[in-house]
Amino acid sequence: MTTAEVPEAGAARLRLPSAALCGVLALLAALAAGHLVASFISINASPYLAVGNGAIDLTPVQLKDFAVRTFGTHDKLVLLSGMAVVMVAVAAVAGMLSARSPVIGAAIIALFGLVGGFAVYERPDLSAVALLAPLASLVLGVAIFLLLHRIAPRKDIVAGSGSSGASRRSFLLGGAGVVVGAGAFGGAGQLISGTRDATASREAVGKLVPATIAPAIPADADFAKLGTPRFLTPNPDFYRVDTALSVPQVRTEDWSLRIHGMVEKERTYSYSDIRNRPLVERTITMTCVSNEVGGDYVSTSNFVGIDLADLLGEAGVRPGAEQLFCTSVDGWTSGTPVEAALDRSRGAMLAIGMNREPLPLEHGFPARLVTPGLYGYVSATKWVVDIEVTTWRARQAYWLKRGWSEQAPIKTESRIDTPKGFATVPAGAVRLAGIAWSQHNGIEKVEIRVDNGDWQPVTLSAEVNLNTWRMWWTQIAVKPGTHQVFVRATDKTGYTQTDQRAGTVPNGATGWHSSTFIAS
Ligand SMILES: Nc1nc2c(c(=O)[nH]1)N[C@H]1C(S)=C(S)[C@@H](COP(=O)(O)O)O[C@H]1N2
Ligand SMILES: [Mo]
């Protein structure tokens, strides 16, 4: 091919599939490069994760509530996959718009980098160094795009000249090189960030033996054999709700908790300061405000830690203080009422363990808060590193800013676990079982109503303490056909669950749970 035959830039158009491929491969290279650089700084600086985290923070509350409800713990996977699909589509279009000149495509790839950079910049837990990751994405993305665009086969190369085949071959080779390189970069990023994870630090903590142990759980505290959950939730089964796309990795030696603001004396505690105190153990049922009627964002653990009131006492809370504005290592915040935190009868804790093991990483290792009786978003900051004692006016926590209530006591609720909705059971004697909770008040009574009959009481499990759930069961006689059963609980203040349905926003769902089953 003579120089005269070489198409001038802009003169010859790329085939659309090759053009699209340029965009997609450049995106891949950009993401992988960003991921690798981020692995040396903080994996949250990876533009992909940063954009995902940004999306979580910007999502309207109703949509987020829907995602948590619909996809549960998979909500994050759904988000990341959705983002991948959108990004690939945009990159492909960017490539196709560049069939003639690479300018538009390069600009769009650069824009990706800028969006990533903005997302990293906005994260409260990242320093300016973290911007190197999106910068690497931007530079490599644009460079790869320009390179691939240059070597991509042109449409109007003279047929039979042979250069078309050669060009296609070099393009394919280049493309394959980018795929392999991106895989290597991305994989290396994963490996390197893996070495920074906190698993080894957690293992080094070992078993946590409390000085004050929780009373043993009586055998009749659950009816697991009859279809309720087990009284203590095994750690891997404990519900998980948080905004973190990648679980924060905090090693004990890097952790500290600062208590400041409206206090007599500011305090900072290291992990060993906490670990070496006499530890207490408390059985507490936690619930998420996003729990729908009948939902399963409710779990119980033997939390091990120290009294939050002790720490606050050492700092000396000044009069007029209203909330503990608690910040996690990833910047998430919650506002816990000072009154609840200081109430010894409630027993709020700085917890470092669950069921005598160090907190699992996804439940807040090395340390979190647990405040019995309040929904998690106002009471249970995981990976907590900072407590500012302040007023409600001075600070607004993450979910408060997004439309949820300032005060969020857990509502009295009950649930039918057996039979599950639309299960088929033999007609005759049918066993019903489930749970009820009203943390800090305690459950007084649970009743069921079958096919619009009268409310009838059921058998309650042994009471463990007022801050935990109670299990119930009963047996009814039913004829063949479809039946509907409702459940309602009454707490120890005398309040009986309302049948008025309310959604989870702004302070917890209400209504009676029901199960419709078929007897045959
Ligand atoms: N750092 C951090 N802590 C957090 C959250 C969060 O998003 N980030 N979510 C809160 C919410 S809404 C609930 S219900 C509980 C859930 O705790 P778990 O995941 O251990 O069950 O954690 C709370 N603590
Ligand atoms: Mo929650």
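Residues numbered from 1 in each chain as written. Chains lettered and ligands numbered in written order. Predicted model: local features only at pLDDT ≥ 70, side-chain atom pairs only at ≥ 80, totals over all residues. Heavy atoms only, no water.

The name given to the protein in an unreviewed UniProt entry is Molybdopterin-dependent oxidoreductase, with Amycolatopsis halotolerans as the source organism.

**Regarding the confidence of the model for the protein**
One rule of thumb: low pLDDT means the predicted coordinates there are not for detailed reading. Per-residue confidence for the protein gives a mean pLDDT of 93, with 96% of residues at or over 70. Predicted confidence for residues 1-10 stays below pLDDT 50, and this span has 7 contacts to residues more than four positions away or in other chains. Taken as a whole, residues 158-162 scores under 50 in pLDDT and shows 1 contact with residues more than four places along the chain or in a different chain. (pLDDT = per-residue confidence, 0-100. Contact = heavy atoms within 4.5 Å.)

**Some details on the site of ligand 1**
Neighbouring residues of ligand 1: 18 residues in total, closest Tyr 239, His 363, Arg 368, Ala 380 and Lys 382. With respect to ligand 1, the side chain of Ser 328 contributes an N or O atom lying 3.1 Å from a nitrogen atom. Take Trp 332: an N or O atom from its side chain is 3.4 Å from an oxygen atom of ligand 1. For ligand 1, whose unbound accessible area comes to 530 Å², protein coverage reaches 99%. Residue classes in the shell around ligand 1 are distributed as 9 nonpolar, 5 polar and 4 charged. (Near = heavy atom within 4 Å. Polar contact = N/O pair within 3.5 Å; in protein donor to acceptor, adjacent residues only side chain to side chain. Areas by Shrake-Rupley, 256 points an atom, 1.4 Å probe, with all protein chains shown as cover. Nonpolar A, V, L, I, M, F, W, Y, C, P; charged D, E, K, R; others polar.)

**Considerations on helix α6 (residues 132-151)**
In this model α6 runs 28 Å from its N-terminal to its C-terminal C-alpha over 20 residues, within 8% of the 28 Å that 1.5 Å per residue would give. What α6 keeps buried is the set Ala 133, Pro 134, Ser 137, Gly 141, Val 142, Ile 144, Phe 145, Leu 148 and His 149. (Helix = DSSP H or I, 4+ residues; strand = E, 2+ residues; numbered from the N terminus. Expected span 1.5 Å × (residues − 1). Buried < 20%, exposed > 50% of the residue type's maximum accessible area, 1.4 Å probe, protein only.)

**Section: the sheet that holds strand β13 (residues 428-437)**
Strand order in the open sheet formed by 4 strands is β11-β13-β17-β16, and the pairing between neighbours is antiparallel. Edge positions in the open sheet fall to β11 (413-418) and β16 (459-460), since each of these has one partner strand only. Across 9 bridges, β13 lies against strand β17 (residues 470-478) in antiparallel orientation. Bridge pairing in β17 places Ala 429 opposite Ala 477. (Pairing = 2+ DSSP bridges.)

**Topic: the pairing of β13**
Of all 10 residues in β13, 7 are buried; the element is thus mostly enclosed. Across 5 bridges, β11 lies against β13 in antiparallel orientation. Within β13, the residue paired with Ser 414 across the bridge is Ala 436.

**Here's the deal with the environment of Met 262**
Along the polypeptide, Met 262 turns up in the loop between β1 (256-261) and β2 (267-270). With 60 residues separating them along the chain, Met 262 and Glu 322 place their C-alpha atoms 9.5 Å apart. When near neighbours in sequence (up to four residues on either side) are disregarded, Met 262 contacts Gly 316, Val 317, Arg 318, Pro 319, Gly 320, Ala 321, Val 389, Thr 390 and Thr 391.

**Remarks on the packing of aromatic side chains**
Evaluated as defined, the whole model comprises 11 aromatic pairs. Between Trp 455 and Trp 512 the ring centres are 5.0 Å apart and the planes differ by 75°, which places this aromatic pair in the edge-to-face class. On the criterion of sequence distance, the pair formed by Trp 455 in strand β15 (residues 455-457) and Trp 512 in the loop between β18 (481-491) and β19 (513-519) is long-range, its members being 57 residues apart. A residue is classified by how much of its surface remains accessible, and Trp 512, at 14% relative accessible area, is buried. Ring pairs connect the aromatic residues Trp 332, Tyr 377, Tyr 398, Trp 399 and Trp 404, which therefore count as one cluster. If you follow Arg 402 out to its NZ or CZ, it ends over the ring of Tyr 398, 3.7 Å from the centre. Of note, Arg 488 hangs over the ring of Trp 455, and the distance from its end group to the ring centre comes to 4.2 Å. (Phe/Tyr/Trp six-rings, centres within 6.5 Å; stacked < 30°, edge-to-face > 60°. Lys NZ or Arg CZ within 6 Å of the ring centre and 35° of its normal.)

**A word on the side chain of Thr 327**
Examined against the element boundaries, Thr 327 turns out to sit in strand β5 (residues 323-328). Those residues in contact with Thr 327 that lie beyond four places of it in its chain are Trp 332, Thr 333, Thr 381, Trp 383, Val 384, Val 385 and Asp 386.

**Details of a nonpolar patch on the surface**
Judged by side-chain polarity, Leu 16, Val 93, Met 96, Leu 97 and Ile 104 come together as a nonpolar surface patch covering roughly 420 Å² of accessible area. Summarising the element assignment, Leu 16 is placed in helix α1 (residues 16-41). (Patch = residues over 30% accessible without salt bridge, like charges linked within 9 Å, V, L, I, M, F, W, Y side chains within 5 Å. Salt bridge = Lys/Arg side-chain N within 4 Å of Asp/Glu carboxyl O.)

**Considerations on unusual backbone geometry**
A cis geometry characterises the amide bond from Phe 365 onward to Pro 366, with omega recorded as 5°. With respect to the helices and strands, the residue Pro 366 is situated in the loop between β8 (357-358) and β9 (368-370). Look at Asn 355: it is not a glycine, yet its phi comes out positive at around 50°. Among the secondary structure elements, Asn 355 is positioned in the loop between β7 (349-354) and β8. At Trp 383, a residue that is not glycine, the phi angle is positive and equals roughly 50°. The topology assignment puts Trp 383 in the loop between β9 and β10 (384-390).

**Focus: the UniProt feature "domain: Oxidoreductase molybdopterin-binding" (unreviewed entry) in the protein**
Sites flagged by UniProt as "domain: Oxidoreductase molybdopterin-binding" (unreviewed entry) map to residues 245-399. Across residues 245-399 one finds 12% helix and 37% strand; the C-alpha atoms that close the span lie 17 Å apart. (UniProt positions renumbered as here; feature names shortened; annotations may be inferred.)

**Side note on the UniProt feature "transmembrane region" (unreviewed entry) in the protein**
As recorded in UniProt, the sites labelled "transmembrane region" (unreviewed entry) are residues 20-43, 77-96, 103-121, 127-149 and 170-192. Secondary structure content for residues 127-149 is 78% helix and 0% strand, and the end C-alpha separation is 35 Å.

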